[in-house]
Amino acid sequence: MGTDAPRSKGHRRVRRVVIALGIVVSLVVVTAGLGVWTVTRSFPTLAGTVNITGLSSAVTVTRDDAGIPQITAKTASDLFLAQGYVHAQDRFWEMDFRRHVTSGRLSELFGESQVGTDTFVRTLGWRAVAEQEVDLLDPVTLGYYQSYADGVNAYLDDHHGADLSLEYAVLGLQNSGYEVEPWTPADSVAWLKAMAWDLRSNLDDEIDRALLSTTLTPAEVNRLHPDFPYSQHPTITGSQAVTVPLAGAPQAAEPGTDSTDVPVAQQPVDVNSYAGALNELRANLGSVPELLGPAGGEIGSNSWVVSGALTDTGLPLLANDPHLGPALPSVWYQVGLRCQSISAECPFDVAGYSFSGMPGIIIGHNDRVAWGFTNLGPDVADLYVEKVTGDSYEFDGVAKPLLLRDEKIAVAGGDDVKIEIRSTEHGPLLSGFAGTAYPQIASDFPVAAGMPTPAPAEAGAEQTTYELSLQWTALTPGRTASAIFALNQATDWTSFRAAAALFEVPAQNLTYADVDGNIGYQAPGLIPIRASGNGTLPVPGWTSQYGWTGYIPFDALPTSFNPPSGYIVTANNAAVDPSYPSLLTADWDLGYRANQITARLQELIAAETPLTKELMSEIQGDNYSAIAAALVPALQQVRLTGNAVEAQKLFDGWDYQVDADSAAAAYFNVIWRTLLKDMFADKIDAGAALTGGDRSFAVVTSLLDQPDSPWWSNAARGTVGEDSMLRRAMTDAAAEAADLMGTNPADWQWGDIHTLDLKSATFGESGIAPLEWLFNRGPYHLAGGSSVVNAVGWDATQGYQVDWVPSMRQVISLENFDDSTWINLTGASGHAFHANYTDQAPLWRDHETRPWLYTPAAINRDASDVLTLEPAA
């Protein structure tokens, strides 16, 4: 979900662990060189014949000039075995790194500096839950995962060290004892937990709201966390929101009366009593590597679908571009999976975007239906304040034993570290990490006002302390691992919804279209019903009063099928209007992207312009800035002096498009960053700072008609009132822009400072130039911005560099799948210096796409390489 919270620093954590390694490698690169052979030896075999253990018959892997594979097999087992083999060919280092993250084993790769991160991930229990989910899989689905693992392992049987990827040559210079382990189904399923973590909705907002309430009034907290503007921006389902009463479900608050309007004094626990604990927890949350992007930042997506009644072909078009953190290689892997003959035993004829390490297709289409994802962002995680005495905790007046689990962390170059993981019935205790990188959390938690005080411990008795536990839907074994294959096999709306019912975590907005002309929307997921409270602040864990009583039934979740409007738009905006009878979240994206997409569609429809795939792509690249449209008229009224006068003239006739070559966009965004810093940075905690996206838009625009609001005054900056603040920001921004881009405002360009560096998640942020040169690419000069449809986002607290992006773009034509288009952020290959390492990045930058061929005839005509995988003797 696209919220406006500071970007966490988890993506920088690995940088520290490879600096020493980077020094060694830089010396090798500079003095001896790794050599062309070392760099290229891991490039995969793309043509000819390879014998593979485990296959029952031959499999064909056809690649185009972008290296995108189309895999054809006679059996489903062979199909997924080949997918595992091909993923390992192109992306095994990425896969291996991911499984070390998700299992809390980074220390095995990078040493003792990662023990703290491993401890936190193991406390969350991603791997343990994944193993439980594997045990719950039906035999057919488990067989798919096992076949995939067999394919990965077939590749590992014949490739070792630098033969797998250049990164292993680099790693071996310091960690020569590392040996790659065989792949397992749990390695694949654990990735779903990382996906859920990075899309964990409003946990960061709850921490932010609680900490703000220690220094601000309830009204000020509400202003900084505004409600969704239902009267101004569209919801996904509109009047079609489900109205079936839910047994035991609390009624949703009316606009303006949701949880953020509850006075802090009425909240169940005094926030001042655990503010320190929350600050430490927020730091720990930022320690986990961001595999999808900055959690709590602007992870979101755009997806919309239009009926054939509105298109040039007479059948639907579906567009999707998920917004995630930039990664090299891209988080997505494009692939086609086809059974030679469709049958109950081999039912797959699907293409789209996969995750390396996971079998199947996550987003894409088969021969009947197409689908897209955006993050629903419901409130599925709650913090509880627990009373802990020794190895027990209190619940409804009874001492219950903590659930204890001992684990051992292997450390490269060091001794093993033993840890104890403690949990209550709510979930793991996110505290007590003694001996790791993290101090104890909430160990000295004072009693909240109005709450019973634990009796002082008698001599020799154990003292009761207060700690924080996490209840999160992703820590309950679920069925998402099966949902992927059900989606891939769906043939109509009924089977699609049945597949969606299995997609429990992370909860997503699913857009739908089929070859019969239908369009639809379904929100799946486990979304809790609370006995009381609304999940916006931590609550007492020692009573069942605040527990979860169940989940919203799937048939009561938001849905829409063939709406009268002829289109459905999802962009992390509110899924339902206030009549919906149960709480989904109080922290929707505020809908600026959804509003602009809807406006563009309505404009074209009103003009009776048939919607085409080209127009859908054009909308994906829309650079209209709603905050610029609201703020620039006020900026034009400010009387300036000096160099700022010429800069101000850039706004004359500006269309509010934040294009890469726009001088006005460059000046405006420097003003925007300066303004947010001057208005808020000195008044609120840095962790709660406004980063420039949807929440910043809403807060500042709400103040434009309040010129005397205290938020416009900053004694340190010498400003009093709105006009004074705007003048100061414009003057300072003109000087900064001149320093960044030259003294002539006409020469300024937004893309000169709004740049993307594609960086390896491991060795790409070492700070050692030769090492970074090996794996990183860029910079790319980009248009777009935060809460803009072309969501090339940036964090105003950090600078102008790009922090989240449309990680891929697709437009699917249901009339002729061969007319569909797609593009990835980087390329198919994860091998540095391979021709397909970043070959799609320039096209992505320029908002161009590639033809997405689907039929066998079209694929074969376009083939660049054909590899036959034969059964080994």
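The structure we're discussing is the one just above.
Model, not experiment: these values are computed from the prediction.

Novice: It is not clear to me how the overall build of the protein should be interpreted in this structure. Could you clarify?
Specialist: Along its length, the protein carries 26 helices and 30 strands. Looking at the protein residue by residue over its 873 residues, the buried ones come to 63%. A total of about 29,400 Å² of accessible surface is found on the protein, and carbon and sulfur atoms cover 50% of it.

Novice: What exactly am I supposed to notice about the packing of helix 18 (residues 626–636) against helix 22 (residues 722–741) here?
Specialist: The contact between helix 18 and helix 22 brings their axes to 10 Å, and the two run at 95°. Between helix 18 and helix 22, the crossing angle belongs to the class labelled roughly perpendicular. Seen from helix 18, the contacting residues are Leu 631, Ala 634 and Leu 635; seen from helix 22, they are Glu 722, Leu 726 and Met 730.

Novice: What is the right way to look at the state of the cysteines in this model?
Specialist: On inspection of all chains with the given rule, the structure shows one disulfide. Each sulfur of the disulfide joining Cys 339 and Cys 346 lies 2.0 Å from the other. Of note, the bridge from Cys 339 to Cys 346 carries an S-S torsion of about -85° and is left-handed in sense. On the accessibility criterion, Cys 346 (2% relative accessible area) is buried.

Novice: Is there a simple way to explain the sheet that holds strand 1 (residues 48–52) in this structure?
Specialist: Reading across the sheet, the 11 strands line up as 1-30-2-3-6-7-8-9-16-17-21 and stay open at both edges, with mixed pairing between neighbours. Looking at the sheet topology across the chains shown, the edges are occupied by strand 1 and strand 21 (559–561). Pairwise comparison of adjacent strand axes, ignoring direction, gives a mean angle of 20° for this sheet. In this sheet, strand 30 (residues 865–871) lies alongside strand 1 in parallel orientation, the contact comprising five bridges. Residue pairing for strand 30: Ile 52 is matched across the bridge by Pro 871.

Novice: I tried to follow the environment of Ala 73 on my own but got confused; where do I start?
Specialist: The topology assignment puts Ala 73 in strand 3 (residues 69–73). Sequence separation between Ala 73 and Phe 348 is 275 residues, and the spatial gap between their C-alpha atoms is 9.8 Å. If near-sequence neighbours (up to four positions away) are discounted, Ala 73 is found in contact with Val 59, Asp 78, Leu 79, Arg 338, Cys 339, Gln 340 and Cys 346.

Novice: Hey, could you run me through the nonpolar core in this one?
Specialist: Proteins that are soluble and globular tend to have nonpolar side chains buried together. In this structure, Trp 472 and Leu 869 are the most contacted members of the largest nonpolar core, which totals 172 residues. Per-element accounting of this core gives the leading share, 13 residues, to helix 4 (residues 76–102). Every residue in contact with Leu 869, bar those within four places of it in the chain, is listed here: Val 50, Ile 52, Leu 55, Ser 57, Ala 58, Val 59, Val 61, Ala 82 and Tyr 85. Counting 57 residues, the second largest nonpolar core, distinct from the first, contains Leu 590, Phe 651, Phe 697 and Ala 734.

Novice: Got a minute to help me understand helix 18 in this structure?
Specialist: In an α-helix there are 3.6 residues to a turn, and that puts residues three or four apart on one side. Of all the positions in helix 18, only Ile 627, Ala 628, Ala 629, Leu 631, Val 632 and Leu 635 are classed as buried. Check the buried side of helix 18 and you find it contacts helix 19 (644–648), helix 20 (663–681), helix 21 (694–703) and helix 22.

Novice: I tried to follow the side chain of Thr 62 on my own but got confused; where do I start?
Specialist: When you line up the elements, Thr 62 lands in strand 2 (residues 59–63). Residue Thr 62 is classed as buried on the basis of its relative accessible area of 7%. Those residues in contact with Thr 62 that lie beyond four places of it in its chain are Ile 68, Pro 69, Gln 70, Ile 859, Asn 860, Ala 863, Asp 865 and Val 866.

Novice: Would you mind going over the packing of aromatic side chains with me for this structure?
Specialist: The geometry of an aromatic ring pair is captured by the separation of the ring centres together with the interplanar angle, meaning the angle of the planes. Applying the stated rule across the entire model yields 46 aromatic pairs. A ring pair is formed by Trp 773 and Phe 833, whose centres lie 5.4 Å apart and whose planes are at 55°; its orientation type is tilted. Of this pair, Trp 773 sits in helix 24 (residues 769–775) while Phe 833 sits in the loop between strand 28 (820–824) and helix 25 (841–845), and the two are 60 residues apart along the sequence. On the basis of relative accessible area, Trp 773 is assigned to the exposed category, the value being 56%. The exposure class of Phe 833 is partly exposed, given its relative accessible area of 35%. When the ring centre of Trp 542 is taken as origin, the NZ or CZ atom of Lys 387, which lies over that ring, is 4.7 Å away. The side chain of Arg 673 reaches across the aromatic face of Tyr 800, ending 5.3 Å from its centre.

Novice: Where do I start with the packing of helix 18 against helix 20 in this structure?
Specialist: Each pair of packed helices gets described by two things: the angle between the helix axes and the distance between those axes. Between helix 18 and helix 20, whose axes approach to 11 Å, the crossing angle comes to 85°. Comparing the axis directions of helix 18 and helix 20 gives the class roughly perpendicular. When helix 18 is examined against helix 20, the residues Ile 627, Ala 628, Leu 631, Val 632 and Leu 635 are found in contact with a partner set consisting of Phe 668, Ile 671, Trp 672 and Leu 675. By residue class, the composition of the contact of helix 18 with helix 20 is nine nonpolar, no polar and no charged.

Novice: Just checking my understanding: could you explain the pattern of salt bridges for this structure?
Specialist: A side chain of one charge can pair with a side chain of the opposite charge if their charged atoms are brought near each other. Evaluation of the coordinates by the stated rule reveals 37 salt bridges. Here Arg 850 ties to Asp 64 by a salt bridge, and the two come within 3.5 Å at their closest N and O atoms. Within this pair, whereas Arg 850 is found in strand 29 (residues 850–852), its partner Asp 64 is found in the loop between strand 2 and strand 3, the two being separated by 786 residues in sequence. In this pair, the class of Arg 850 matches that of Asp 64, namely buried.

Novice: What exactly am I supposed to notice about a negative patch on the surface here?
Specialist: A contiguous patch of negative charge on the surface is contributed by Asp 312, Glu 614, Glu 815 and Asp 819. Looking at the secondary structure, you find Asp 819 in the loop between strand 27 (808–813) and strand 28.

Novice: Just checking my understanding: could you explain the environment of Val 39 for this structure?
Specialist: Residue position: Val 39 is located in helix 3 (residues 35–40). Given the relative accessible area of 12%, Val 39 is considered buried. Between the alpha carbons of Val 39 and Leu 166 there is a distance of 5.8 Å; along the sequence they are 127 residues apart. What Val 39 contacts, discounting residues up to four positions off in sequence, is Leu 166, Ala 832 and Phe 833.

Scoring rules and cut-offs
- Throughout this document, residue positions are counted from 1 along each chain, in the order its sequence is written.
- Where totals are concerned, whole chains, interfaces and linings use all residues; where local detail is concerned, this predicted model gives features only for residues with pLDDT of at least 70, and gives and counts side-chain atom pairs only at 80 or more.
- Excluding hydrogens and water, the side-chain values take into account all heavy atoms of the structure.
- Working definition: helices are DSSP H or I runs of at least four residues, strands are E runs of at least two. Numbering for both runs from the N terminus.
- Each residue is placed in one exposure class: buried if its accessible area under a 1.4 Å probe, protein chains only, is under 20% of its type's maximum, exposed if it is over 50%, and partly exposed if it falls in between.
- Per-residue accessibility takes into account occlusion by the displayed protein chains alone, with areas from the Shrake-Rupley method and a 1.4 Å probe.
- Each axis is a line fitted through C-alpha atoms, taken for helices only over the stretch in contact, and angles between the N-to-C directions span 0 to 180 degrees.
- Angle categories are assigned with fixed cut-offs, so that under 35 degrees is roughly parallel, over 145 is roughly antiparallel, 65 to 115 is roughly perpendicular, and the rest are oblique.
- Any two residues whose heavy atoms approach within 4.5 Å are treated as being in contact.
- Defined by distance alone, a disulfide is two cysteine sulfur atoms within 2.5 Å.
- Criterion used throughout: strands pair if DSSP finds at least two bridges between them.
- In these notes, a set of buried Ala, Val, Leu, Ile, Met, Phe, Trp, Tyr and Cys residues joined through side-chain atoms within 4.5 Å is what counts as a nonpolar core.
- Any two of the Phe, Tyr and Trp rings considered here, Trp counted by its six-membered ring, make a pair once their centres fall within 6.5 Å; the pair's planes then place it as stacked at under 30 degrees, edge-to-face at over 60, or tilted in between.
- By the criterion adopted, a ring carries a charge over it if an Arg CZ or a Lys NZ lies within 6 Å of its centre and within 35 degrees of its normal.
- Just so you know the grouping, Ala, Val, Leu, Ile, Met, Phe, Trp, Tyr, Cys and Pro go in nonpolar, Asp, Glu, Lys and Arg go in charged, and all remaining residues, Gly too, go in polar.
- In what follows, salt bridge is the name for a side-chain nitrogen of Lys or Arg lying within 4 Å of a carboxyl oxygen of Asp or Glu.
- Here, patches come from residues exposed beyond 30% relative accessible area and free of salt bridges, joined within 9 Å for like charges and within 5 Å for nonpolar side chains (Val, Leu, Ile, Met, Phe, Trp, Tyr).
- Positive charges are assigned to Lys and Arg, negative charges to Asp and Glu, while His and the chain termini are left out of the count.
- Lys charges are placed at NZ, Arg charges at CZ, Asp charges at CG and Glu charges at CD.

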